[in-house]
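Per-entry structural report
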Amino acid sequence: MANFKLVPQFTKDAITKEDYVCGQPACHGTILKGTSCYYVTTIVPDQPDCFVCEVCYLQYSQKLSTLV
């Protein structure tokens with residue numbers, strides 16, 4: 001897995017306005033319209049930022065190498 005940095009730009013009440021696919025390559029789960037969204041950005045300049053599902057966000061937030 002890539003080294004991700006969590007961006008605290010969204011609050012708990014941020015919800016999606018449309019369906020998204022989780023940006024975590026190993027997941028690709030669906031983030032349904034009207035549910036919480038989580039935005040993750042990397043510290044690697046060539047790697048794109050992405051929206052991830054709640055399960056992936058919780059995994060990133062518990063990694064020792066992740067900054068919150």
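Residues numbered from 1 in each chain as written. Predicted model: local features only at pLDDT ≥ 70, side-chain atom pairs only at ≥ 80, totals over all residues. Heavy atoms only, no water.

Some thoughts on the overall build of the protein
If you tally the helices and strands in the protein, you get 1 helix and 5 strands. Within the protein, the proportion of its 68 residues that are buried is 26%. Considering only contacts within the protein whose residues lie at least 6 apart along the sequence, 48% involve residues at least 24 apart. Of the roughly 4,800 Å² of accessible surface on the protein, 58% is carried by carbon and sulfur atoms. (Helix = DSSP H or I, 4+ residues; strand = E, 2+ residues; numbered from the N terminus. Buried < 20%, exposed > 50% of the residue type's maximum accessible area, 1.4 Å probe, protein only. Contact = heavy atoms within 4.5 Å. Areas by Shrake-Rupley, 256 points an atom, 1.4 Å probe, with all protein chains shown as cover.)

Quick word on the pairing of strand E4 (residues 38–42)
Across the 5 residues of E4, 4 count as buried, placing the element largely inside the fold. Relative to strand E5 (residues 50–52), E4 is paired through 3 bridges, and the arrangement is antiparallel. If you follow Tyr 39 over to E5, its bridge partner there is Phe 51. (Pairing = 2+ DSSP bridges.)

Overview of the confidence of the model for the protein
For the protein, per-residue confidence averages 77 on the pLDDT scale, and residues scoring 70 or more make up 74% of the total. The weakest mean pLDDT in the protein belongs to strand E1 (residues 4–6) at 51; the strongest belongs to strand E3 (residues 30–31) at 91. (pLDDT = per-residue confidence, 0-100.)

Digging into the packing of aromatic side chains
Counted under the stated rule, the structure contains 3 aromatic pairs. Relative to Phe 51, the ring of Tyr 39 has its centre 5.1 Å away and its plane inclined at 65 degrees; by these criteria the two rings are edge-to-face. With Tyr 39 in strand E4 and Phe 51 in strand E5, this pair connects stretches of sequence that are 12 residues apart. Put simply, the rings of Tyr 20, Tyr 39 and Phe 51 touch in pairs and so form one group of aromatic residues. (Phe/Tyr/Trp six-rings, centres within 6.5 Å; stacked < 30°, edge-to-face > 60°.)

Topic: the side chain of Gln 24
By the element assignment, Gln 24 lies in the loop between strand E2 (20–21) and E3. Here Gln 24 falls in the buried class, since its relative accessible area comes to 5%. A distance of 2.8 Å separates a polar atom in the side chain of Gln 24 from the backbone nitrogen of Ala 26. (Polar contact = N/O pair within 3.5 Å; in protein donor to acceptor, adjacent residues only side chain to side chain.)

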